[in-house]
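Spelled out from the first residue to the last, the chains are:
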Amino acid sequence: MNLPESFQEQMKRLLKEEYEDYIHSFEQTRVYGLRVNTSKISTEQFEQLCPFSIHKIPWTPNGYYYEGTEKPAKHPYYFAGLYYLQEPSAMTPAHLLPIEPGDRVLDVCAAPGGKSTELAAKLNGTGLLVSNDISNSRAKALLKNLELFGVSNAIVMSESPHKLADRFPQYFDKILIDAPCSGEGMFRKEPAVIKSWLEHGNEFYAKLQREIVTDALKMLRPGGMLLYSTCTFSPLENEATVQYMMEICPELEIVPVERYEGFGQGLSAQVNGDESLKECVRIWPHKMKGEGHFLVLLKKGEGSREPRKTKKETPAKFLEKQQELAAFLKNTTIEFDNSRLEMRGEKVVYLSECEQNLNGLRIMRSGLLLGECKKNRFEPSQAFAMALKKEQYKQVIDFSISDPRVIKYLKGETLEVDDLVDRPLKGWQLICVDGYPLGFAKANRTILKNKYLAGWRWQ
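Residues numbered from 1 in each chain as written. Predicted model: local features only at pLDDT ≥ 70, side-chain atom pairs only at ≥ 80, totals over all residues. Heavy atoms only, no water.

> Any chance you could explain the pattern of salt bridges here in plain terms?
Between side chains of opposite charge, a pair can form when the charged atoms approach closely. Within this structure, the stated rule accounts for 26 salt bridges. For Lys-374, the salt bridge is made with Glu-372, and the minimal N-O distance between the two is 3.9 Å. A relative accessible area of 25% places Lys-374 in the partly exposed class. For Glu-372, a relative accessible area of 24% translates into the label partly exposed. For Glu-379, the salt bridge is made with Lys-374, and the minimal N-O distance between the two is 4.0 Å. (Salt bridge = Lys/Arg side-chain N within 4 Å of Asp/Glu carboxyl O. Buried < 20%, exposed > 50% of the residue type's maximum accessible area, 1.4 Å probe, protein only.)

Here it is, written out as structure tokens:
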């Protein structure tokens, strides 16, 4: 690989006698990883049904290596949201941010969703996840991945961190910033990143990172934790940005995290000799099986904080006007808070619990899209199907993974199921594979009219 000379000189200064080992890592075969969605399936269950050759990633309890010859994105379990494909070292930040049930969590630069999906799995339907990306096109991919994972308690936005800081002062318990960076850790995986590195350099991204962290710190509550990460090796974008955060927010302190083989210390000597920066984590590609990463966990001093506000509930007569929706919800075992049901045009949304004023923000989704009410007819959404568990819906068609109708369903085809039922079917059926939901179909006797979302279909 034709690495820029200035980059090579930088890495020689950072790595010294380890530089040759780092250069030799470019000759090694790229590794591939998947991360299990623990809100849908345990790792033990996944290992029993996984059709691929996998082995554990040491630093992520629900992370696995798989062979590059495998095609997990073309398997029905992927369409069931059972796992996310992610570079192994990039799994580390969301794993090391300690999420508690009920936390308010912000993922500032969230697209395409690798870290947000893990944060959501750790919340497991409690609290609130705000997933934001300033790029509208990238935020669309973020929304799809969160819906595929069955996330029901997220607000997906496409806003500048500066605008969010005005609306969420000292609001979040946990914040993750996987910052835009020069991407030096991606050179082996995506050589095209080198062109961007040559165009912008480290200084461009360091300036952008400081703008983002300044706004993020305003949104972190006293006593809250912030995890900052990049996929670059530059001290200017890493330790120097951490030092900047600690200068503008003196009550910050670095929290030591669990280390694994291949996890190096922060390079304090490259900044100002501050020994505390050694608690930062550097993941080097010549010391572990992955592309490399930088991360640090910070805690804000307790200080004084306002008691949490709760959103005032209003009496809801929503379902009295939407009888088709009310009838559909009776087929589920979920207890909905009717005051959180909202109609937006024809769309019915089950709002995430957030008492802040969101007016004027670019919101992709503010909760779980349940479906659409069309001329007194309710059609459940793909997102709703993915948020359900098999046992939460009364009318289920569960196919075995070996049944060819699984692929036919994912392609949008009409299905015949006379061999699976002993009576004529009617109404909405939840289609599953090995017990895990894929989507809905509308039944007429033994024929299933396919309602799998067109944009998600098997290609």
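Anyway, onward from the coordinates.
> What should I look at first to understand the sheet that holds strand S3 (residues 63-66) in this one?
What holds strands together in a sheet is hydrogen bonding between their backbones, with the strands either parallel or antiparallel. Spatial ordering of the open sheet is given by S2-S3-S1-S4, a layout of four strands whose pairing is antiparallel. Two strands lie at the open edges of the sheet, namely strand S2 (54-56) and strand S4 (83-85), each paired on one side alone. Adjacent strand axes in the sheet meet at a mean angle of 35 degrees when their direction is disregarded. For S2 and S3, the ladder comprises three bridges, and the chain directions are antiparallel. By the bridge assignment, Ile-54 is partnered in S3 with Tyr-66. This element, helix H6 (residues 114-123), spans strand S1 (32-36) and S4 of the sheet and lies at about 30 degrees to S1. (Pairing = 2+ DSSP bridges. Helix = DSSP H or I, 4+ residues; strand = E, 2+ residues; numbered from the N terminus. Axes fitted to C-alpha atoms, helices over the stretch in contact; angles between N-to-C directions. Contact = heavy atoms within 4.5 Å.)

> It is not clear to me how the packing of helix H9 (residues 193-219) against helix H10 (residues 239-248) should be interpreted in this structure. Could you clarify?
Two packed helices can be described by the angle between their axes and the distance between those axes. In the contact formed by H9 and H10, the axes pass within 10 Å of each other and the chain directions differ by 40 degrees. Here the hand of the crossing between H9 and H10 comes out right-handed. Mapping the contact onto sequence places Gln-209, Arg-210, Val-213, Thr-214 and Leu-217 in H9 and Ala-240, Thr-241, Tyr-244, Met-245 and Ile-248 in H10. The residue makeup of the contact of H9 with H10, split by class, is six nonpolar, three polar and one charged. (Left-handed = near helix turned anticlockwise from the far one by under 90°. Nonpolar A, V, L, I, M, F, W, Y, C, P; charged D, E, K, R; others polar.)

> Teacher, can you tell me more about the packing of aromatic side chains here?
By the definition in use, this model includes 32 aromatic pairs. Ring centres of Phe-46 and Tyr-64 lie 6.1 Å apart, and the angle between their planes is 45 degrees; this geometry places the pair in the tilted category. Of the two residues, Phe-46 is situated in helix H3 (residues 43-49) and Tyr-64 in strand S3; the sequence distance between them amounts to 18 residues. You'll find Phe-46 and Tyr-64 in the same group, each marked buried. Considering the side-chain rings of Phe-52 and Tyr-83, the 6.2 Å spacing of their centres and the 85 degrees angle between planes classify their relative orientation as edge-to-face. Placement of Phe-52 in the loop between H3 and S2 and of Tyr-83 in strand S4 is noted, with a sequence separation of 31 residues between them. The exposure class assigned to Tyr-83 is buried, which follows from its relative accessible area of 0%. (Phe/Tyr/Trp six-rings, centres within 6.5 Å; stacked < 30°, edge-to-face > 60°.)

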